[in-house]
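Residues per chain, in single letters:
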Amino acid sequence: MTASHALEPTADPARPVVDPTRSATGPTGPAADPTASAASHAGGLDGPAPATFSELFAVSAFRVVFASRSLAVVADTLRIVALSVLVLQTTRSAWLSAVAFGIGFLPQAVGGLLFGSLADRIRPRRLIAVGYLLECVTAVGLALVPMPAWAMLVLVALVATGAPVFNGTSSRLVADVLHGDAYVLGRSMMSMSGGAAQLLGLAAGGLTVTAIGPHRALLATAGCHLVAAVIVRYGLPSLPAAARPADVSAVRQSWTTNTTLLADPRVRRLLLIQWLPCAFVVGAEALLVAYSAARGFSSATAGLLLASSPAGMLIGQFVVGRLLRPSVRTHAVAPLILVSGLPLLI
C-alpha cells in the first residue's frame, strides 16, 4: 500500500445516490424510489448474511472495477520495471534508476492532499476511463518520444498526482455497490488481487524487458491501460457523481478534509503505521534494478527480486488474516514491522 491510498476519498457505503437512468414510473406500478442507490442500477449487494465470492462477482460494477484495476496494476508495475531499466541504460546512474522506480509514489501523496475530492465530484465512469487513457498516453510518450531522463521522470511524476483521484473513485464505487459484509469481502478481494497483479507485473516485467526491451515493454503497458479504459467505458454504467460540487474549490475541500484527518492523533498514528514501513521497503526496492546490474544479473532476475516483496505480502496477508486471532494480530503489528527489513540486511 502506498501513502496515497490512505488519503483517497472514502465514501459512506450507506449513502443514497440517485440513479438518473431509472424510470419515474414502473411498467405496472407506482413511481420508483428517487433515493435508489447506485447499487440498484449496478446490481449492488447488501444484506445481513455473510457474503460469498460468487455474490461479489454477480455485481456488474464490481466485476468491471476488479478487472480493470487488476489489469492496470499489472501495467503500472511493468512500467516501473521498464522505466527503471531504461533510465539505467540511458544514464548508467544507479541513483537515477532508483528515482525512476519510486518517482510515481511521492507525487501521489500530493495529489491526494490537493485533488482527492474530485473523486466525489465527477461521474465515476468518465473519471476512471480518463485516468487509464492518461496512463496509456504517458506510456506511449515514454516509449516513442526521445527525451532526457529528467523529462521522463517529470512526466511520470505529473501523471502520478492524479492517481489518488482515479483510484479513489474506484474505491468509492466499490463502497457504493457493496454494503456490510460484502464490502469487507470486496475490499479484501481488491487488496489480494492488487498484490497478485503486482507480483505478476514485476515477475513478468523483468522477463518482458529482457525479451523485447524497455521501449516495447512500455508500449505493452500502454496497451494494458487502453484495454482497462475500454472495459470501464463499455462495462460500467453511467452512474452519477457521489455529491454535487461544493461551494468551495476542490483543492480547498481536499486540503481541509485531509488536514482534519491528520489532526486526529489516532488517525495520524494509524496512517503513519501504514505509510512508513511501505515507504522504507519501496526505497530499498528502488535499488534492486541497479543492484542486479552491478551483480551481472539480467533484467529478468531483477524482476524476480522485485516480485519477492509482493509475494511475501500475499503470504503474510493470508497467514495473518486467516490464521491469527484478532487479538494476536494487533500485538503482532510492531514485531512484523521490525522484521520486514531483515532480508535487506542479508
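Predicted, not measured: the structure shown is a model, and the values here were computed from it.

Visitor: Can you explain the overall build of the protein chain? Please cite residues and give values.
Guide: Check the secondary structure of the protein chain and you find 16 helices and zero strands. Among the 346 residues that make up the protein chain, the fraction classed as buried is 44%. Here the contacts in the protein chain between residues at least 6 apart in sequence split such that 81% fall between residues at least 24 apart. Surface summary for the protein chain: the accessible area is close to 17500 Å², and the carbon and sulfur share equals 69%.

Visitor: Tell me what's going on with the confidence of the model for the protein chain, and back it up with residues and numbers.
Guide: Per-residue pLDDT for the protein chain has a mean of 77; in total, 83% of the residues score no lower than 70. Per-residue pLDDT, averaged within each element of the protein chain, yields its smallest value for helix H1 (residues 3–6) (36) and its largest for helix H7 (residues 124–144) (94). Predicted confidence for residues 1–41 stays below pLDDT 50, and this span has 74 contacts to residues more than four positions away or in other chains.

Visitor: Describe in detail the packing of aromatic side chains, supporting the description with residues and values.
Guide: Each pair of aromatic rings is reported with the distance of its centres and the angle of its planes. In this structure the tally under the stated criterion is three aromatic pairs. A ring pair is formed by Phe57 and Phe62, whose centres lie 5.5 Å apart and whose planes are at 65 degrees; its orientation type is edge-to-face. On the basis of relative accessible area, Phe62 is assigned to the buried category, the value being 0%. Seen from their ring centres, Phe57 and Phe66 are 5.1 Å apart, and the 90 degrees between their planes marks the pair as edge-to-face. Directly above the ring of Tyr234 sits Arg233, whose terminal nitrogen or CZ lies 5.1 Å from the centroid.

Visitor: Before we move on, could you go through the packing of helix H6 (residues 106–115) against helix H11 (residues 250–263) and cite the residues and values that matter?
Guide: One way to put it is that H6 packs onto H11 with a least axis distance of 5 Å and a crossing angle of 105 degrees. Judged by the inter-axis angle, H6 sits roughly perpendicular to H11. For the pair H6 and H11, the contacting residues are Gly112, Leu113, Leu114 and Phe115 in the first and Ala250, Val251, Ser254, Trp255 and Asn258 in the second. Here the contact of H6 with H11 is built from residues that sort into six nonpolar, three polar and no charged.

Visitor: Go over unusual backbone geometry with me, naming the residues and quoting the values.
Guide: The residue Arg92 is not glycine, and still its phi comes out positive at about 60 degrees. Following the sequence through the fold, Arg92 ends up in the loop between helix H4 (60–91) and helix H5 (94–102). Since its relative accessible area comes to 69%, Arg92 is described here as exposed.

Visitor: So what's going on with the packing of H11 against helix H12 (residues 265–285)? Residues and values would help.
Guide: Two elements in contact, H11 and H12, have axes whose closest approach is 5 Å; the angle formed by their N-to-C orientations is 95 degrees. By the criterion of interaxial angle, the relationship of H11 to H12 is roughly perpendicular. Residue-level contacts link Leu261, Leu262 and Ala263 of H11 to Pro265, Val267, Arg268, Leu271 and Trp275 of H12. Considering only residue class, the contact of H11 with H12 consists of seven nonpolar, no polar and one charged.

Visitor: An account of the nonpolar core is needed here, citing residue identities and associated values.
Guide: Counting 30 residues, the largest nonpolar core has Val81, Leu83, Val87, Met152, Val209, Leu218 and Leu306 as its most contacted members. The biggest single contributor to this core is H4, with nine residues. In contact with Leu83, not counting residues within four places along its chain, are Ala100, Met152 and Val156. Among the nonpolar cores identified, the runner-up in size contains 25 residues, and Ala51, Val64, Tyr132 and Ala182 belong to it.

Visitor: Any details on a nonpolar patch on the surface? Residues and values, ideally.
Guide: Together, Leu133, Leu226, Val230 and Tyr234 make up an exposed nonpolar region whose accessible area comes to about 400 Å². No other element matches helix H10 (residues 181–235), which puts three residues into the nonpolar patch. Checked against the element boundaries, Leu133 lands in helix H7. What makes Leu133 partly exposed here is its relative accessible area of 40%.

Visitor: Tell me about the environment of Ser340, and please be specific about residues and values.
Guide: Note on placement: Ser340 falls in the loop between helix H15 (326–339) and helix H16 (342–345). Separated by 31 residues in sequence, Ser340 and Ser309 place their C-alpha atoms 9.7 Å apart.

Visitor: Residues and numbers for H5, please.
Guide: Buried residues of H5: Ser97, Ala98, Ala100 and Phe101, and no others. The arc that holds every buried residue of H5, seen down its axis, measures 155 degrees, which confines them to one face.

Visitor: For the pattern of salt bridges, give the residues involved together with the corresponding values.
Guide: Per the stated rule, a full pass over the model turns up two salt bridges. In this structure, Glu135 engages Arg79 in a salt bridge whose closest nitrogen and oxygen atoms are separated by 3.6 Å. Remark: Arg79 occurs in helix H4 and Glu135 occurs in helix H7; sequence separation between them is 56 residues. Arg79 sits in the buried class, given a relative accessible area of 13%. Put simply, Arg172 and Asp176 hold a salt bridge, and the shortest N to O gap is 2.6 Å. In this pair, Arg172 and Asp176 are both assigned in helix H9 (residues 163–177), four residues apart and thus about one turn of the helix distant. Summarising the burial analysis for this pair, Arg172 and Asp176 share the class buried.

Conventions adopted
- Residues numbered from 1 in each chain as written.
- Predicted model: local features only at pLDDT ≥ 70, side-chain atom pairs only at ≥ 80, totals over all residues.
- Heavy atoms only, no water.
- Helix = DSSP H or I, 4+ residues; strand = E, 2+ residues; numbered from the N terminus.
- Buried < 20%, exposed > 50% of the residue type's maximum accessible area, 1.4 Å probe, protein only.
- Contact = heavy atoms within 4.5 Å.
- Areas by Shrake-Rupley, 256 points an atom, 1.4 Å probe, with all protein chains shown as cover.
- pLDDT = per-residue confidence, 0-100.
- Phe/Tyr/Trp six-rings, centres within 6.5 Å; stacked < 30°, edge-to-face > 60°.
- Lys NZ or Arg CZ within 6 Å of the ring centre and 35° of its normal.
- Axes fitted to C-alpha atoms, helices over the stretch in contact; angles between N-to-C directions.
- Parallel < 35°, antiparallel > 145°, perpendicular 65-115°, else oblique.
- Nonpolar A, V, L, I, M, F, W, Y, C, P; charged D, E, K, R; others polar.
- Core = buried A, V, L, I, M, F, W, Y, C linked by side-chain atoms within 4.5 Å.
- Patch = residues over 30% accessible without salt bridge, like charges linked within 9 Å, V, L, I, M, F, W, Y side chains within 5 Å.
- Salt bridge = Lys/Arg side-chain N within 4 Å of Asp/Glu carboxyl O.
- Arc of directions from axis to C-beta.

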